[in-house]
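Structural features, examined
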Amino acid sequence: MNQTSGFPLFNLGNNPAQRWRMQIFAITWLAYAAFYFTRKAFSVAKLGIADDPDFELEKATMANLDALYLGAYAVGQFTWGILADRFGPRVVVLGGLLISAVVALIMGSFATLPIFATCMVIQGLAQSTGWSGLCKNLGSFFATGERGRVLGLWSSCYAFGGLVASPFAGWWAYQVYGDWRAAFFSSAIVVAGVAVLFFLLQRNTPQDVGLPPVEDADAPQHDDSGRHASFGSCLKTILKNRTVLVLGLAYFLLKPARYAILFWGPVMVYERMPEIGKVASAIVPTSFEVAGLVGPILLGLISDKLFGARRFPACVISLLALTACLALFVPAMQSGSVLVVVALLFMMGLTLYGPDSMISGAAAIDYGKGTAGTAAGFVNGCGSIGAILGGLLPGYFDTESVFLVFTGTALIATALMLPYWNSRPDKRADSQTAACNPSSHVSNARLKA
């Protein structure tokens, strides 16, 4: 481990290594938060489209468009992480930002179903460049022992983006211009501006700015001939990594609950508590997202400081608490107490966003190591498949049945992760697989008592 690991996480002195760490943290945080502006634009535009006689879309059609987006997003997760390992996050993420902005502009300019359907697919692919590439970027500048709290703090970007993007787009669309198209235009401008900043401020690795790697195991992603490792070899390495496979399965089981609350929370609350009105029903579930700002930070600190950079104990404890919260959600709504529902949604966000961030971020990077981008993309891709179910299940089944299923899946995810309680990344094995070499028979991670 080099000189950077001995410094505090963010030291604003003249040390160039610390300056670059701060800069990379800031620009990657901003980039992922920006993706939410074009991601949420359609959700905001739906309000105006529903009343637009010139562009009639039924609710079922809008839901199908969302499914197209989520399906493309899931496919992209499995692809872009591998390409980020091959060519670096700079090319992949910058391309995603630019394409996302252009697609939003097109959706605001041409109101036809074929164009919207095509754009939703392209938007899903563009959006999916962000997580795996940016997680890999952070992993290159921060060492394993600090990565839990760094990724925990960094993961506030998607909770922040989700909270800010909708009001921003809604204000421009319905307060300033009175046209749903402005939701797309305003969001596109934000993302395009961040793309420019990303181009100016981002670098892939410390080596790109003349600094040594943060850990000896962080080798360049090339084979022995100096060429980029192949797409297939990176994928095969991940598929042989049992720990990453468990993380992917656990994430698949957890993601439906988060997206069900995000997409259907207001409807669920209004159905059980109609007396509070539609506006209050829309506001109450925001406590879930507010908790998302705190959960990843808290769990990252616990993982690094209390459990010595072991990711699984913190996740298991949090998931046990989440299971109890999910089981109590419907009874809480039936009680008629808004404060109880808000408090429970906050606790659900606190105990879900933390493991969500840990599994798809710090843990995926730790155990993917030389294939960090591929691992993060694979795990998040598994979760994205689960997200599709989170958007669909509440539309076909009653809330009680849905949350009974979510309680069960949270328990299964906990059981899957429990045997890995003492697991730590094996740096020696990581260095041997750093070039995505499929011939390596050394596992990327092993259990240590």
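Cut-offs applied
Residues numbered from 1 in each chain as written. Predicted model: local features only at pLDDT ≥ 70, side-chain atom pairs only at ≥ 80, totals over all residues. Heavy atoms only, no water. Patch = residues over 30% accessible without salt bridge, like charges linked within 9 Å, V, L, I, M, F, W, Y side chains within 5 Å. Areas by Shrake-Rupley, 256 points an atom, 1.4 Å probe, with all protein chains shown as cover. Salt bridge = Lys/Arg side-chain N within 4 Å of Asp/Glu carboxyl O. Helix = DSSP H or I, 4+ residues; strand = E, 2+ residues; numbered from the N terminus. Buried < 20%, exposed > 50% of the residue type's maximum accessible area, 1.4 Å probe, protein only. Contact = heavy atoms within 4.5 Å. Core = buried A, V, L, I, M, F, W, Y, C linked by side-chain atoms within 4.5 Å. Domains from an automatic or database assignment. 1 Å grid on protein atoms, 1.4 Å probe; cavity = no way out; pocket = protein on both sides within 12 Å on 5 of 7 lines; lining within 4 Å. Points joined across faces, edges and corners; volume = space filled by probe spheres on them. Nonpolar A, V, L, I, M, F, W, Y, C, P; charged D, E, K, R; others polar. Phe/Tyr/Trp six-rings, centres within 6.5 Å; stacked < 30°, edge-to-face > 60°. Lys NZ or Arg CZ within 6 Å of the ring centre and 35° of its normal.

Re a nonpolar patch on the surface
Side chains of Leu30, Val196, Leu197, Phe199, Leu200 and Leu201 sit close together on the surface and give an oily, nonpolar patch of about 500 Å² of accessible area. Considering every element that reaches the nonpolar patch, the biggest residue donor is helix α8 (residues 181–201), with five residues. For Val196, the position within the fold is in helix α8.

Some remarks on the environment of Val340
Structurally, Val340 is set in helix α14 (residues 338–368). You can call Val340 partly exposed: its relative accessible area is 39%. Linking Val340 and Phe329, residues 11 residues apart in sequence, is a C-alpha distance of 9.4 Å.

A word on the environment of Asn380
Within the secondary structure layout, Asn380 lies in helix α15 (residues 372–396). Judged by relative accessible area, which is 2%, Asn380 ranks as buried. On a C-alpha basis, the gap between Asn380 and Phe252 in space is 8.3 Å, while along the polypeptide they are 128 residues apart. Apart from the residues lying within four places of it in its own chain, the contact partners of Asn380 are Tyr73, Gln77, Trp131, Tyr251, Lys255 and Ser360.

With respect to the pattern of salt bridges
Applying the stated rule across the entire model yields 11 salt bridges. Of the charged contacts in the structure, one is a salt bridge between Arg21 and Glu146, with a shortest N-O distance of 3.0 Å. Of this pair, Arg21 sits in helix α1 (residues 16–49) while Glu146 sits in helix α6 (residues 144–154); the two residues are 125 residues apart in sequence, bridging distant segments of the chain. On the basis of relative accessible area, Arg21 is assigned to the buried category, the value being 1%. Its salt-bridge partner being Asp52, residue Arg181 comes within 3.8 Å of it at the nearest N-O pair. Of the two residues, Arg181 sits in helix α8 while Asp52 sits in the loop between α1 and α2 (59–87), which places them 129 residues apart along the sequence. According to the relative accessible area criterion, Asp52 is buried, its value standing at 12%. Linked through salt bridges whose partners overlap, the residues forming this network are Arg149, Asp304, Arg311 and Asp366.

Digging into the nonpolar core
Tyr32, Trp154, Met348 and Phe403 are the most contacted members of the largest nonpolar core, which has 111 residues in total. If one sorts the elements of this core by residue count, α1 sits on top with 16 residues. The residue makeup of this core includes at least three contributed by each of domain 1 (14–208) and domain 2 (232–424). Beyond its immediate chain neighbours, meaning those up to four positions away, Met348 contacts Ile261, Phe288, Leu322, Cys325, Leu326, Phe329 and Phe403. Of all hydrophobic cores here, the second largest spans five residues; its members include Ala169, Ala173, Ala182 and Ala183.

Comments concerning empty space enclosed by the protein
Applying the stated criterion across every chain yields a total of two cavities of 30 Å³ or more. In this structure, the largest cavity occupies an estimated 80 Å³ of space. Tyr32, Tyr251, Lys255, Arg258 and Asn380 are, among the 13 residues lining the largest cavity, the residues nearest its centre. Ranked by residue count, the leading element in the lining of the largest cavity is helix α10 (residues 242–272), at four residues. Taken together, the residues of the lining of the largest cavity sort by class into seven nonpolar, two polar and four charged.

Side note on the packing of aromatic side chains
Taken as a whole and assessed by the stated rule, the structure comprises 26 aromatic pairs. Geometrically, the ring pair formed by Phe55 and Trp180 is stacked, given 5.9 Å between the ring centres and 25° between the ring planes. With a gap of 125 residues between them, Phe55 in the loop between α1 and α2 and Trp180 in the loop between α7 (156–176) and α8 connect regions that are remote in the sequence. Each member of the pair, Phe55 together with Trp180, is buried. Ring centres of Trp180 and Phe184 lie 6.2 Å apart, and the angle between their planes is 80°; this geometry places the pair in the edge-to-face category. An identical accessibility class is assigned to Trp180 and Phe184; each is buried. Feature note: the residues Tyr32, Phe35, Tyr36, Trp131, Trp154, Tyr158, Phe288 and Tyr353 constitute an aromatic cluster, connected by ring pairs. When the ring centre of Tyr36 is taken as origin, the NZ or CZ atom of Arg39, which lies over that ring, is 4.3 Å away.

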